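For reference, the chains in residue letters:
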Amino acid sequence: MTPSLASALMPLMRGLDAETAHGIALKALAMGLAGRDEAADAPSLATRAFGLDFRNPIGLAAGFDKDAVAILPLLRLGFGFVEAGTVTPRPQEGNPRPRLFRLTEDAAVINRMGFNNAGLDSYLARLRDLPRPLPGVLGANVGVNKEGADPERDYPALCRAVAPLADYVTINISSPNTPGLRDLQGEARLASILDAVAPPALDKPVLVKLAPDLAEDALAPIIEVCVTRGVAGLIISNTTIARPETLRSPHKGEAGGLSGAPLFERSTEMLARAHKIAAGRLVLIGAGGISNGAQAYAKIRAGASLVQLYSGFAYGGPALIGRIRRELAALLARDGFAHVADAVGTGA
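Remember, it's a predicted structure, so these values are computed and weren't measured experimentally. (Residues numbered from 1 in each chain as written. Predicted model: local features only at pLDDT ≥ 70, side-chain atom pairs only at ≥ 80, totals over all residues. Heavy atoms only, no water.)

1. Details of the pattern of salt bridges
- Taken as a whole and assessed by the stated rule, the structure comprises 17 salt bridges.
- A salt bridge links Asp 195 to Arg 229; its shortest N-O distance comes to 3.0 Å. Linking Asp 195 in helix H6 (residues 187–197) with Arg 229 in the loop between helix H8 (219–228) and strand E10 (233–236), this pair joins segments that are 34 residues apart in sequence.
- Overall, Asp 195 belongs to the partly exposed group, its relative accessible area being 49%.
- Arg 229 sits in the partly exposed class, given a relative accessible area of 26%.
- One connected set of salt bridges, linked through shared partners, spans Asp 17, Glu 19, Arg 97 and Arg 99. (Salt bridge = Lys/Arg side-chain N within 4 Å of Asp/Glu carboxyl O. Helix = DSSP H or I, 4+ residues; strand = E, 2+ residues; numbered from the N terminus. Buried < 20%, exposed > 50% of the residue type's maximum accessible area, 1.4 Å probe, protein only.)

2. Here we look at the nonpolar core
- With 85 residues, the main nonpolar core has Leu 74 and Tyr 155 as its most contacted residues.
- Per-element tally for this core: the top contributor is helix H12 (residues 319–334), with seven residues.
- With sequence-adjacent residues up to four places away left out, Leu 74 is seen in contact with Leu 29, Leu 60, Phe 64, Asp 65, Phe 79, Val 82 and Phe 313.
- Counting residues in each nonpolar core, the second largest holds 14 residues, with Ala 49, Phe 54, Leu 207 and Ala 287 among its members. (Core = buried A, V, L, I, M, F, W, Y, C linked by side-chain atoms within 4.5 Å. Contact = heavy atoms within 4.5 Å.)

3. Thoughts on H6
- Buried within H6 we find Leu 190, Ala 191, Ile 193, Leu 194 and Val 197. Looking down the long axis of H6, one finds its buried residues gathered within 165° of arc, a one-sided arrangement.
- Structurally, H6 contributes buried residues whose contacts are with helix H5 (151–162), strand E8 (168–172), helix H7 (199–202), strand E9 (206–210) and H8.
- Looking one or two residues beyond H6, the residue adopting positive phi is Ala 198, at roughly 55°. (Arc of directions from axis to C-beta.)

4. A closer look at the packing of aromatic side chains
- Counted under the stated rule, the structure contains seven aromatic pairs.
- When the ring of Phe 54 is compared with that of Phe 81, the centres are 5.3 Å apart and the planes differ by 85°; the resulting orientation is edge-to-face. Remark: Phe 81 occurs in strand E4 (residues 81–87) and Phe 54 occurs in strand E2 (residues 52–54); sequence separation between them is 27 residues.
- Taken together, a centroid distance of 5.3 Å and an interplanar angle of 80° make the contact between Phe 79 and Phe 313 edge-to-face. (Phe/Tyr/Trp six-rings, centres within 6.5 Å; stacked < 30°, edge-to-face > 60°.)

As far as function goes, none of this settles anything; it's purely spatial.
The structure is reproduced here in structure tokens:
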């Protein structure tokens, strides 16, 4: 099967509830049934960020492959990098179902999954079994359990465990579906966690993933904390608890984090602000609402060195990755940029 055919077959699963369909899709990916994209990347898409070389700047966000069951097949679809997780120290079931909702009319998703995953031991075993070298960059996204969490204990332990098996590590303190997690974004608490993690000692880049719902005056102190503690970059942003008035889906009132098209403007504005404040001291990854090359390009011009997809991939399927790569390369050429890095922040 080819990525295009796999995408064409996706409407057959629209009759299933969203979480069941996602599980089937992940199993099919793990079995290699979505095929692979053999097309070479345009030379302009190659880029270097936080000391790593990326074949292209298009990544898959955490949350899609929580347990690292389909890393290699996902990279073979053409992603430049895949971020697996969020993984927690102990297995947990997450919140009661239903907890994942398609907002088809809005090209959006609401989830309140609650860090459902098989736990760190299972996650590490799968990372160890991956054939190396991988055809792309691997990120590990870590979080804390809902019960019995001690962030200053758990985040350092998680980072030390996954760092030898991943190319970079992301600290997730911004999911809205674990009670109290977003409180860890406060300046003092984040500093305490990062002091415990000690990013420079890990010998792998450490990133922090932020929520788009931060108060505007909270962003600068967070960036300063991250810079002074040796954090390599920020992912902007996670899902939002806001509900734009433009939403039309009957699921718009569901609790949880909203992702997809309605998040694009909000997250891109935050990205541009972070780019100005960080002033080159942090690498930024833009996430939120990307479903085509123009939107990926807008994130890059707002300050992102790399971008990540989630909801756009869930709707567009495997063929979307090759399409975004082609569209982005064409836009770079149109505007006279020889490399992705040349366009970063030019519209901020």
